[in-house]
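Observations on the model geometry
So the chains spell out like this:
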Amino acid sequence: GENVEQHPSTLSVQEGDSAVIKCTYSDSASNYFPWYKQELGKRPQLIIDIRSNVGEKKDQRIAVTLNKTAKHFSLHITETQPEDSAVYFCAAPLRDASKLTFGTGTRLQVTL
Amino acid sequence: SAVISQKPSRDICQRGTSLTIQCQVDSQVTMMFWYRQQPGQSLTLIATANQGSEATYESGFVIDKFPISRPNLTFSTLTVSNMSPEDSSIYLCSVARQNQETQYFGPGTRLLVL
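Below you will find a few notes about this structure. (Residues numbered from 1 in each chain as written. Chains lettered and ligands numbered in written order. Predicted model: local features only at pLDDT ≥ 70, side-chain atom pairs only at ≥ 80, totals over all residues. Heavy atoms only, no water.)

**Remarks on the overall build of chain A**
- For chain A, the helix and strand inventory stands at zero helices and 11 strands.
- Overall, chain A shows an N-to-C arrangement of helices and strands of β-β-β-β-β-β-β-β-β-β-β.
- The globule rule puts the C-alpha radius of gyration for 112 residues at 13 Å, and the 13 Å found for chain A is close to it.
- With the C-alpha coordinates aligned to their principal axes, the bounding extent of chain A is approximately 40 × 30 × 20 Å.
- Counting all 112 residues of chain A, 42% fall into the buried class. (Helix = DSSP H or I, 4+ residues; strand = E, 2+ residues; numbered from the N terminus. Rg over C-alpha atoms; globule rule 2.2 N^0.38 Å. Buried < 20%, exposed > 50% of the residue type's maximum accessible area, 1.4 Å probe, protein only.)

Here you go:
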């Protein structure tokens, strides 16, 4: 069926290291790929998104790459800090461009 | 982004009762959605709240259990009916502007059903 797969489910890195989270999607027509960060007890917050007309987008320490042929996209966080610790969700519109299907989430822990 | 509020922020309810959750946004938006997030899980779309017409429900969700209203472009309600402990979850509304895919989330309503 139509879905968004996300890996890994948990990720622990040391402060200053990089973190990479990967998602694959099933609908080749999908053209919008957001990433959300959810801290404990808080709402999901959009941190970066990418559209299918570009292969990479960067915002300070955060970048997203998209491979439309392979139908996967990745979140890259460089120079991680303790405040990056959170659950990260990828999403993509499947079947319906107005609706988002979310990945299963990645719990990132940045240790000192 | 939009300023989105939800009421109540949390509630503890008895099984068999119903709870209505409100979502208010500070500016007119085209799309409003309701999601459920079970403990430690991802976000699952319940329905799209359509202004002036019946909501569009996703597979596994029905109007009798989750009636939704959207009387105007800035307000929507979700009712969780005849609650059971399995309905314990966080319920989130989200909004998107016309011709924009980006969704912004409300703070959520944490529901515990005893």
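Having put the structure on the table, let's press on.
**A short note on the nonpolar core**
- Trp34, Ile46, Phe66, Ile68, Leu78, Tyr91 and Leu111 of chain B are the most contacted members of the largest nonpolar core, which has 26 residues in total.
- Those elements giving two or more residues to this core turn out to be strand S3 (19-25), strand S4 (31-37), strand S5 (44-49), strand S8 (75-80), strand S9 (89-96) and strand S11 (109-113) of chain B.
- Of all the elements, S3 of chain B adds the most residues to this core, at four residues.
- The residues touching Tyr91 of chain B, leaving out its near neighbours within four places in the chain, are Gln6, Ile21, Tyr35, Arg36, Ile46, Phe66, Leu78, Val80, Gly108, Thr109 and Leu111 of chain B.
- Ala19, Phe33, Val64 and Leu66 of chain A belong to the second largest nonpolar core, which has 23 residues in total. (Core = buried A, V, L, I, M, F, W, Y, C linked by side-chain atoms within 4.5 Å. Contact = heavy atoms within 4.5 Å.)

**Describing a nonpolar patch on the surface**
- The grouping of Ile12, Leu112 and Leu114 of chain B at the surface amounts to a nonpolar patch, some 280 Å² of accessible area in total.
- Structurally, the position occupied by Ile12 of chain B is in strand S2 (residues 10-13). (Patch = residues over 30% accessible without salt bridge, like charges linked within 9 Å, V, L, I, M, F, W, Y side chains within 5 Å. Areas by Shrake-Rupley, 256 points an atom, 1.4 Å probe, with all protein chains shown as cover. Salt bridge = Lys/Arg side-chain N within 4 Å of Asp/Glu carboxyl O.)

**As for unusual backbone geometry**
- Cis rather than trans, the peptide bond between His7 of chain A and Pro8 of chain A has omega equal to -5 degrees.
- Tracing the backbone shows Pro8 of chain A in the loop between strand S1 (4-7) and strand S2 (10-14).
- Cis geometry marks the peptide bond from Lys7 of chain B to Pro8 of chain B, where omega comes out at -5 degrees.
- Inspection of the secondary structure puts Pro8 of chain B in the loop between strand S1 (4-7) and S2.
- Unlike most non-glycine residues, Lys71 of chain A shows phi in positive territory, near 60 degrees.
- Among the secondary structure elements, Lys71 of chain A is positioned in the loop between strand S7 (62-67) and strand S8 (72-77).
- One non-glycine residue with positive phi stands out, namely Asn82 of chain B, at about 45 degrees.

Such coordinate-based values are descriptive only and should not be taken to indicate function.
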